[in-house]
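# Observations on the three-dimensional arrangement
The residues making up each chain are set out below.
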Amino acid sequence: MANVLTVEHLTKKFAGLTAVNDLSFTMKERTIHSLIGPNGSGKSTTINMCTGSLPITSGTVKYRDEIISGRVLHEVASRNIGRTFQNLKLFGSMTVEENLMVGMQAQMKDGILKFLVSPASAKAEEKRANERAMEVLDYIGMYKYRNETVANLAYGQQKLTELGRSIMTAPKLLFLDEPAAGLNPSERVEFVKILLKVFDDGIDLFLIEHNMDVVMNISNYITVINFGSKIAEGTPKEIQNNDEVIAAYLGS
Ligand code: ADP
Ligand code: MG
């Protein structure tokens, strides 16, 4: 299987702090690849660099055969790469449906330009976005909540809404930053089911997740970092029995 993601010597320095330190790993096509590590170990920073949300200090990120590091968010998104954020970035006062549509428009870099040039084609695009939103809402089991204001939804439904927004553009690779955090056990089971459906339908998943049951059950491969550096990688079985990984978690 081909590599979908090749990260080489990735480093991020914030003033006085090396958040990600010379990190290298590869992610294979058709896998769920998890990135785990104690709080503050550099997981979100890694995703932020891979998706163009945060400038990198040094190193490279390749999506398939193309170097994507150095590109900005919408350029990465236009390469069929999607993401969710650790802290929800939904518009609380808008409906579920509107949040999904905004997600799509935000990824269409020329959306505003198109509107200026041709209001008619912008209208057609909006119609397409709306049809896609209905399709996605049905897919994630949120269709009946489409007209609810996001702020009024249960947290689990908000997390699902964000997942829905991230698949609006039908990405091939999806980065998920703690998508199941804060969910209760039954919401979590439901969420994982939907994640697996998304994966089975052809979207490769790069996952940050704290719940070890979830990680060990659904990952094909795991990269473990601590203080920004890789300390282990392997299958769930290999990681579960790795002394350095256990020590890192006990020390945190
Ligand atoms: P994780 O997602 O593994 O919990 P993060 O990637 O969020 O960890 O953070 C890694 C380290 O970088 C932490 O020490 C955090 O405080 C620091 N950090 C993250 N973002 C910034 C920022 N914008 N400015 C300064 N320090 C940051
Ligand atoms: Mg994080």
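Now for a look at the structure at hand. (Residues numbered from 1 in each chain as written. Chains lettered and ligands numbered in written order. Predicted model: local features only at pLDDT ≥ 70, side-chain atom pairs only at ≥ 80, totals over all residues.)

## Here's the deal with unusual backbone geometry
Non-glycine residue R30 carries a positive phi angle of around 55°. Looking at the secondary structure, you find R30 in the loop between β2 (17-28) and β3 (32-36). The exposed category is assigned to R30, around which 11 C-beta atoms lie within 10 Å. Even without a glycine there, the phi angle at R64 is positive, about 55°. As for its placement among the helices and strands, R64 is situated in the loop between β4 (58-63) and β5 (66-67). (Helix = DSSP H or I, 4+ residues; strand = E, 2+ residues; numbered from the N terminus. Buried ≥ 20, exposed ≤ 12 C-beta atoms within 10 Å, placed from the backbone.)

## Here we look at the environment of K144
For K144, the position within the fold is in the loop between α5 (119-139) and α6 (155-166). Remark: the alpha-carbon pair of K144 and I32, spanning 112 residues in sequence, is separated by 29 Å.

## So, the site of ligand 1
Around ligand 1 lies a shell formed by F14, L17, A19, G37, N39, G40, S41, G42, K43, S44 and T45. Broken down by secondary-structure element, the contributors of at least two residues to the shell around ligand 1 are β2 and α1 (43-50). At 3 residues, α1 tops the list of elements feeding residues into the shell around ligand 1. Grouping the amino acids of the shell around ligand 1 by side-chain chemistry returns 3 nonpolar, 7 polar and 1 charged. (Near = placed C-beta within 6 Å. Nonpolar A, V, L, I, M, F, W, Y, C, P; charged D, E, K, R; others polar.)

## Notes on the environment of Q158
Structurally, the position occupied by Q158 is in helix α6. Residues in contact with Q158, not counting those within four places in the same chain, are L88, L90, V150 and L153. (Contact = placed C-beta atoms within 7 Å.)

## Description of α1
The element α1 is extensively covered by neighbouring structure, given that 8 of its 8 residues are classed as buried. Listed in full, the buried residues belonging to α1 are K43, S44, T45, T46, I47, N48, M49 and C50. Downstream of α1 by a residue or two, G52 has a phi angle that is positive, lying close to 80°.

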